[in-house]
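# Close look at the chain arrangement
Each chain, letter by letter, is given below.
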Amino acid sequence: MTSSILNRVAPFVNGFRGYDSNRLRHDLIAGVTVALVLIPQSMAYAQLAGLPPYYGLYAAFIPPIIAALFGSSRQLATGPVAIVSLMTATALEPIATAGSESFIAYAILLALLIGIFQLLLGVLRLGLVVNFLSHPVVSGFTNAGALIIATSQLSKLFGVTVDQAEHHYETIYRVIEEAIYYTHWPTLALAALAFAIMIGVRRVAPRLPNVLLAVLITTLVSYFMGFEDKIRIPIERVESTEFTQHLAKFNSAISYLEEKATQRVTLRGRYDSLAAQDGVEQYTLLDLNQKLEYVGVDIDRLKKEIHQERTWLRRYHLTGVTGQDGEVRYFPKDSAPKGDVSDNHCWRIKVGNVPLNPDELTFSCGGAVVGKIPEGLPSFKIPSFDFSVALGLLPMAMIISLLGFMEAISIAKAMAAKTGQRLDANQELIGQGLANIIGSFSRSYAVSGSFSRSAVNLQSGAITGMSNVTSSLVVLVVLLFLTPLLYHLPQSVLAAIIMMAVVGLLNVKSFIHAWRAQWYDGMIGIVTFIFTLTFAPHLDRGIIIGVALSLLLYLIRNMKPAMAMLSLNIDGSYRNRERFSLEQCPYVAVLRYGGSLIFSNVDYLENQVLDTVRNMPKLRHLIIVGNGINEIDASGVDALSVLVDRLHGQGLQLSISGCNDSVLDVLKRTGLAAKIGENNIYRSVARAIDGVWEKAHVNVDEANCPLRVPPFHPLGISDESRRAMMEADKQHHRDLIPPWKKRKDQ
């Protein structure tokens, strides 16, 4: 008992039993190797989540240690991952501006909520709840997510900036439109160089850290070429009245939007307060609601105006011209005065979601880099908790929790199959939950298990969670001493790293595999894929539709279980007579029922039985083969009881065969077994037919009953028929394999 409690509270203790210097050496090598991939990937994924890149380093510091110590898997590498990062951005985009202080605070709060939900699932031993996310749903979502992630990096690849549209495909259209108008070629060239390095090193020397090499080389190129080239100048040095006017319109619209937003918050507060009071006149509430609608219309109009002005400003390119007085002034690209010395640069203004300061406008003719990273460790503090925001984030937190855990446990199972380690899904939930909870106190956003880094960890010889601790210590060294070296890392290179990482998430074969297994599984995967792409960036809608469709089809299948009339096959087994073109005995019907007998399908069984009786006027005995009945509820018992009465009323007898012990116990407890007759309940269909055949054939002259005499096949059968018979025999042998063995083989 003490050992069991210790394994639950501190599972890492088992990993250190018999730990020696040889194991430590393997873990240290694996940890350093994983860190070389983790550092650039974590910064790239933080950018994908809408956070400053260095928040990826924060997420790669504490959470991997906690997950390794308290999780079940010894090789699972926890940290920032693509899907969870994308879902974080999706959850926070409606309530805050990416990269802002409030956005960062909400990202940390979301990590806390995810951790709490995962921890509760693990403590309550509810890890099976992830089964609500079927494999076709996850496959469809993952493939769509990979495309969304890859295309979301196109703007950084081409060095352009666009406003987010309501739908992801609209945003991509804007990116393509902007890239056609203007592409920053050095940005694209560095991204192409990063791709070439990663792909080339992976093929030529797969043991080398290709991602780290791409980061090192491109950062050096960026530094020596002066890739980031920006200036800050007052508007007086911009020789363009048109530019000044558009800048003023943009600032005015931004300020007016802030006023309207504040007004809407005030009106909403007054409306909610009055609506909660008794005796308030309906006219007052209607008046407030009308004012809210007017404000909403104004806000939508201002957003469109801001988008138009921001797009115009971004497309307005300037060139610097040195006058005779030696001062550099900036003219429209095609309107620079002739005779003066021009720098031949294409200066573009940096414009975001806040008013621009006319006294200090930022222009750039270079590319975007990571920039300054705060030195030192992240501050440890309690995440700011806003109850209303937390309540709004809770549904997405639950979805991200389940998706992240499914990704982590799938990876852990794949590695456990190679190492022979025994996994505990609930303990892994506890480890992932604690990693997110404690990580949120160190300014980390949500994390999960990484497929690529876990594979590197295993291939590098990791034996225990000490490898993940080593990776975190390497991140610690980077945070303390090496952050200035990352200043010139191009953001287009981070985009290239993300795109390379998500290529592995694309798996078209999963749709084909699901369709071959069951057509409806393939359809669920495809529908989830399509709707996830359609509704992006609202990714939760795609998952909800996929889950709802899975449950709906599950209910439909349970409402109409597979049923078949059986007859004796040439191989001596009782098979579906329609499928194998077998004869039917007119006096005994053998009806196989392939599902649990519960409230949702009792009418279906009754209708099928009555149709059989109606279509067989000579019928004397009906046998229900219940090998597929794993459960029977009160509705099922009542339906069978009514069925027995109706059949007896028509002079027919009913027998049941193949029911398991739990179903038989229910029949006995409810008295239905006695009503059917103990002598009419059989263990197998063969015994049932032997038991009822003589009574059903009294005064009947049927020399070759299809239930007793196998069908005759002449020797001169065609090759096609022979192949069909052989395939039928193979299928029969497959059907004889016990269910538990089938699951093991699959």
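Structure shown above.
An account of the accompanying structure is given in this report. No experiment lies behind these values; they were computed from the predicted model shown. Throughout, a residue's number is its position along its own chain's written sequence, starting from 1. The predicted nature of this model means local features are confined to residues of pLDDT at least 70 and side-chain atom pairs, given and counted, to a pLDDT of 80 or more, with totals for whole chains, interfaces and linings taken over all residues. Only hydrogens and water are set aside; all other atoms, that is, all heavy atoms of the structure, feed into the side-chain values.

All right, on to the nonpolar core then. Here, nonpolar core refers to any group of buried Ala, Val, Leu, Ile, Met, Phe, Trp, Tyr and Cys residues whose side-chain atoms link them within 4.5 Å. Relative accessibility decides the category of a residue: with a 1.4 Å probe and only protein chains considered, values under 20% of the type maximum give buried, values over 50% give exposed, and everything between is partly exposed. The biggest cluster of nonpolar side chains holds 109 residues, and the ones touching the most others in it are Met87 and Leu133. Think of it this way: any DSSP run of H or I at least four residues long counts as a helix, any run of E at least two long counts as a strand, and we number them from the N terminus. Element by element, the count of residues in this core is highest for helix α7 (residues 101–123), at 13 residues. Ranked by size, the runner-up nonpolar core spans 33 residues in total, among them Ala589, Leu605, Ile629 and Cys659.

So, on to empty space enclosed by the protein. Buriedness for pockets is judged along seven lines, at least five of which must meet protein on both sides within 12 Å for an open set on the 1 Å grid over protein atoms alone, while cavities are sets there where a 1.4 Å probe fits but cannot get out, and lining residues have an atom within 4 Å of a point. Grid points are joined across faces, edges and corners, and a volume is the space filled by probe spheres set on the points. Scanning the entire structure with this criterion turns up one cavity of 30 Å³ or more. Considered as a void within the structure, the largest cavity measures approximately 50 Å³ in volume. Lining the largest cavity we find Leu597, Leu605, Ile624, Ile629, Ile632, Leu640, Ile656, Cys659, Val663 and Leu667. Amino acid classes used here: Ala, Val, Leu, Ile, Met, Phe, Trp, Tyr, Cys and Pro are nonpolar; Asp, Glu, Lys and Arg are charged; the rest, including Gly, are polar. Here the lining of the largest cavity is composed, by residue class, of 10 nonpolar, no polar and no charged.

Let us look at the pairing of strand β12 (residues 621–625). Burial runs high along β12: five of the five residues are buried. Along β12, one buried face is formed by His621, Ile623 and Val625 and the opposite face, lined by Leu622 and Ile624, is buried too. Two elements, strand β11 (residues 588–593) and β12, share five bridges in a ladder whose sense is parallel. Its bridge partner being in β12, Val588 is matched across the sheet by His621. Viewed along the sheet, the connection from β11 through helix α23 (residues 602–615) into β12 turns out right-handed. Criterion used throughout: strands pair if DSSP finds at least two bridges between them. Pairing of β12 with strand β13 (residues 653–657) involves five bridges; the strand directions are parallel. By the bridge assignment, Ile624 is partnered in β13 with Ile656. A crossover links β12 with its parallel partner β13, the connecting element being helix α24 (residues 634–649), and its sense is right-handed. Seen with its strands pointing away from the viewer, a crossover is right-handed when the path leading from the first strand over the helix to the second is clockwise.

So, about the pattern of salt bridges. By definition, a salt bridge exists where a carboxyl oxygen of Asp or Glu is found within 4 Å of a side-chain nitrogen of Lys or Arg. Under the definition given, this model contains 14 salt bridges. Between Glu305 and Arg301 there is a salt bridge, with the nearest N and O atoms lying 3.7 Å from each other. In this pair, Glu305 and Arg301 both sit in helix α14 (residues 282–315), four residues apart, roughly one turn of the helix. Judged by its relative accessible area of 27%, Glu305 falls in the partly exposed class. Exposure remark for Arg301: the relative accessible area of 41% places this residue in the partly exposed category.

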